[in-house]
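# Architecture and fold: a report
Given next are the chains, with one letter for each unit.
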Amino acid sequence: MGRLSDLFAPETVAVVGATDREGAVGRAILENLRDEFAGEVIPINPNRDEVLGLECYRDVQAAPPIDLAVVVVPPTVVIDAIEDVAEAGTDDVVVITAGFSETGGEGAERERRLRELAAKHDLNVVGPNSLGVMSTPNGMNATFGPENALEGSISFMSQSGAFITAVLDWANEQGIGFQDVVSLGNKTVLDETDFVREWGKDPDTDVIIGYLEDIDDGQEFVRAAREVTDDTPIVLVKSGRTDAGAQAASSHTGAIAGSERAYEAGLEQAGVVRATSVQQLFDYARALSGLPVPETDGVAVVTNAGGPGVLTTDAVGDSSLRMADFTDETIGALAEAMPDEANVYNPIDAIGDADIERFREALDIALEDPNVGSAVVVSAPTAVLQYDKLAEVVIEKREEYGTPVVTCLMGGDRARAAEEVLREFGIPNYFDPSRAVAGLDALARHRDISDRVIDEPTEFDVDRDRAREILERARDRDDNRLGVESMDLLEAYGIPTPEGEIVDDPDRARDVAESIEGDVVMKIVSPDISHKSDIGGVKVGVSDEDVYDAYEDVVARARNYQPDATILGVQVQELLDLEESTETIVGMNRDPQFGPLLLFGLGGIFVEILEDTSVRVAPIGDGQAREMVDEIRAAPLLRGARGREPADVDGVVETIQRLSQLVTEFPSILELDVNPLVAGPDGVQAIDLRLTVDTDEL
């Protein structure tokens with residue numbers, strides 16, 4: 001167990017602000033503790049000698065030693081109350097009281113003082129603005145919710161107290177139990193990462209679930225969750241999916257990789273199984289808390305109804321699983337055991353008059369098949385089938401083969417008794433076949449998460465001092481943006497760039513062009529003009545004799561387009577052969593929660609049209625960089641589709657890693673685009689660069 005173990009297993013709990021006044025939160029918490037808590041409950045109130053039949057103390061100093069203090073006093077005296085608790089030697093505190101940062105400036109100042117006080121005394125503080133905490137092994141319900149949780153192996157955290165009360169009401173009806181429950185409140189001291197770490201070390205917690213509206217420190221959460229999810233599944237509902245974070249972004253990467261993409265990438269890298277609804281959250285949790293992981297992705301379906309069998313097959317097709325291919329031996333055994341009218345292929349349709357023995361034989365034969373990693377038993381109610389007996393068969397075969405099996409016993413009251421029996425043996429029953437398959441899919445995803453190997457980022461030999469010098473140029477800009485004039489930044493980190501130079505007069509442009517073999521590309525260089533080609537600010541295939549006129553033309557077009565634009569000059573650059581190359585983009589947008597968010601995809605003019613991109617939170621190693629390349633739909637272009645010569649994919653992968661190192665080592669880089677990064681058979685070249693720098697971080 002971790003440092004928060006005493007928070008959930010106290011022997012004494014004090015309610016600071018206990019009262020017997022009807023409708024008061026302090027009374028509700030005291031009643032909940034008094035009725036079921038296995039330890040001692042200590043009311044604290046200077047105006048009472050007794051509260052609800054319990055001896056009351058004027059303050060914590062006068063009370064017996066306290067393991068956990070639940071604070072429910074008015075907001076103006078919370079800080080003083082916690083100071084008294086700390087001086088009495090209590091480390092674990094739950095602050096129920098609202099009136100902190102959620103209420104404005106005065107509350108925010110109160111919350112700052114609470115954070116400082118917790119740091120001074122090394123307190124573990126839940127809240128403020130919290131519903132409270134629960135732990136079922138000792139019957140502790142230190143909340144003002146209307147009922148306690150059932151005992152189970154799921155630990156549950158939520159940023160919404162109302163969400164907890166609603167979920168517990170539903171879960172109690174469904175017979176779903178919990179180990180620990182925490183209402184996070186304002187997360188002033190303890191947040192989601194602390195509880196992930198704690199429950200990851202708890203042998204009695206099989207699954208961690210949660211409802212989150214935000215994550216305070218995405219990088220720390222990813223690190224903690226990666227360690228935990230090797231053994232303990234984490235399933236989260238993350239609300240507030242929005243593109244609002246992308247609206248203020250100025251780069252291609254920033255526009256595409258908004259806040260929701262950051263959460264998607266961060267939670268995926270953390271090994272979190274993400275649910276999109278409360279129902280899905282518990283569908284996943286029920287499977288993960290009671291069943292072993294499947295050895296293969298092959299699913300066998302056994303049913304007495306053709307329609308539901310087809311629905312189940314469709315659900316498997318929509319998941320990461322697949323319908324198991326039965327061996328010839330399996331098909332032969334089924335043909336011998338089933339009626340002639342039955343379907344002996346997958347899904348197995350034992351037809352409508354199937355009794356218990358026919359289900360038993362079909363499930364037995366299916367689970368014997370080496371291609372079957374899991375099974376779904378789907379049944380419609382009939383007069384010849386008793387669901388309680390079918391439940392016994394499922395339990396027997398699941399234990400015999402050690403293979404995950406879920407059921408879909410369709411119907412109402414007829415299925416309730418069987419459902420309860422199945423639940424006792426860790427087998428979830430779902431009314432909808434698609435939900436049953438989703439539960440198995442969550443098991444397979446957790447298996448893949450547990451089996452994954454995350455390689456450490458490569459540390460390349462780079463010129464950090466040179467990079468810092470280039471970034472310092474942003475101090476001299478009005479808008480802290482840098483462009484192609486800073487291509488040396490990429491070279492300092494070993495990212496190849498074409499031969500060329502930025503010049504500020506046409507004669508120098510001609511000299512540079514003559515030093516480069518073949519025709520050149522010329523581009524206007526201005527931090528105020530993003531889409532250069534749209535205004536005629538780019539000329540491709542310019543010969544030496546045309547360079548002078550081309551220089552004058554692109555400058556004139558830029559002046560006409562935006563008279564007040566800052567013109568730094570014209571870039572004269574080596575012309576690359578793009579015939580066998582693919583234009584890609586590599587970029588970064590610094591997310592407020594997760595930090596540097598890397599992006600790779602199809603680049604050039606298509607980046608914002610097709611949005612064929614993949615995203616990861618930096619830093620990443622070779623494996624994750626390679627996954628980014630493989631994930632985009634255009635990956636076959638890089639691999640050599642339809643007779644094309646394959647691009648240097650290894651060069652692309654290395655460039656992504658080098659960019660990952662750059663943006664990790666320089667937190668001052670807020671946004672960065674390399675677009676395009678041209679990937680050809682002979683290597684990669686970064687053609688254009690844009691970045692935004694936070695000069696306060698330099």
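The structure reproduced in this document is the subject of the present report. (Residues numbered from 1 in each chain as written. Predicted model: local features only at pLDDT ≥ 70, side-chain atom pairs only at ≥ 80, totals over all residues. Heavy atoms only, no water.)

## Concerning the environment of Gln657
So the rule is basically this: The numbering of helices and of strands both runs from the N terminus, where a helix is a DSSP run of H or I of at least 4 residues and a strand a run of E of at least 2. Contacts are assigned to residue pairs with any non-hydrogen atoms lying within 4.5 Å of each other. Two N or O atoms form a polar contact when they lie within 3.5 Å of each other; inside protein one atom must be a possible hydrogen donor and the other a possible acceptor, and for residues adjacent in sequence the pair counts only when both atoms belong to side chains.
Along the chain, Gln657 falls in helix α25 (residues 649–665). Apart from the residues within four sequence positions on either side, Gln657 is in contact with Thr458, Phe460, Ile620, Gly621, Asp622 and Ala625. A polar contact is formed between the side chain of Gln657 and the side chain of Thr458, at a distance of 3.4 Å. At 3.2 Å, the side chain of Gln657 forms a polar contact with the backbone nitrogen of Asp622.

## A look at the nonpolar core
Rules: In this text, buried Ala, Val, Leu, Ile, Met, Phe, Trp, Tyr and Cys residues form a nonpolar core when linked through side-chain atoms within 4.5 Å. Under the scheme applied here, a residue whose accessible area is under 20% of the maximum for its type counts as buried, over 50% as exposed, and between as partly exposed, the area being computed with a 1.4 Å probe on protein chains only.
Membership of the largest hydrophobic core comes to 82 residues, with the highest contact counts inside it found for Phe178, Ile209 and Val235. Broken down by element, the residue count for this core peaks at eight residues, all from helix α17 (residues 433–451). Discounting residues that sit within four places of it in the chain, Val235 has contacts with Val207, Ile208, Ile209, Gly210, Val273, Ala275, Leu281, Tyr284 and Leu288. Counting residues in each nonpolar core, the second largest holds 51 residues, with Phe8, Leu212, Ile215 and Val615 among its members.

## Some details on unusual backbone geometry
Of note, the amide linkage connecting Asn346 to Pro347 takes the cis form, showing an omega dihedral of 10°. Mapping Pro347 onto the fold places it in the loop between α13 (328–337) and β17 (348–349). Cis geometry is found at the peptide bond from Asn675 to Pro676, where omega equals 5°. The topology assignment puts Pro676 in strand β28 (residues 669–680). The residue Leu52 is not glycine, and still its phi comes out positive at about 55°. Within the secondary structure layout, Leu52 lies in the loop between β3 (50–51) and β4 (54–55).

## Focus: a negative patch on the surface
Inclusion rule: Patch membership needs two things, relative accessible area over 30% and no salt bridge, and members are linked within 9 Å if like-charged or within 5 Å if nonpolar (Val, Leu, Ile, Met, Phe, Trp, Tyr). Per-residue and other accessible areas were derived by the Shrake-Rupley procedure at a 1.4 Å probe size, with only the shown protein chains allowed to occlude residues. Whenever a carboxyl oxygen of Asp or Glu lies within 4 Å of a side-chain nitrogen of Lys or Arg, that contact is scored as a salt bridge. His is not counted, nor are the chain ends, whereas Lys and Arg count as positive and Asp and Glu as negative. Each charge is placed at NZ for Lys, CZ for Arg, CG for Asp and CD for Glu.
On the surface, a cluster of negative charge is made up of Asp6, Glu11, Asp67, Asp91 and Asp122. With respect to the helices, strands and loops of the structure, Glu11 is situated in the loop between α1 (5–8) and β1 (12–16).

## Side note on the sheet that holds strand β11 (residues 177–183)
Stated precisely, the cut-off is as follows: One bridge is not enough; two strands pair if DSSP finds at least two bridges between them. Under this scheme, a helix contributes an axis fitted over its contacting stretch, all axes are lines through C-alpha atoms, and angles between N-to-C directions fall in the 0 to 180 degree range.
In spatial order, the strands read β9-β8-β11-β10-β12-β13-β14; together these seven strands make up an open sheet with mixed pairing. Every other strand in the sheet has two partners, leaving β9 (140–143) and β14 (273–275) as the edge strands with one partner each. Looking at each pair of strands side by side, their axes are set apart by 25° on average, direction ignored. Note: strand β8 (residues 132–135) against β11, three bridges, orientation antiparallel. By the bridge assignment for β11, Met134 is matched with Val181. Relative to strand β10 (residues 150–158), helix α6 (residues 192–200) is tilted by about 155°, and along the sheet it contacts β10, β11, β12 (207–212) and β13 (234–238). The strands touched by helix α10 (residues 259–270) are β13 and β14; relative to β14, the strand with the most contacts, the crossing angle is about 140°.

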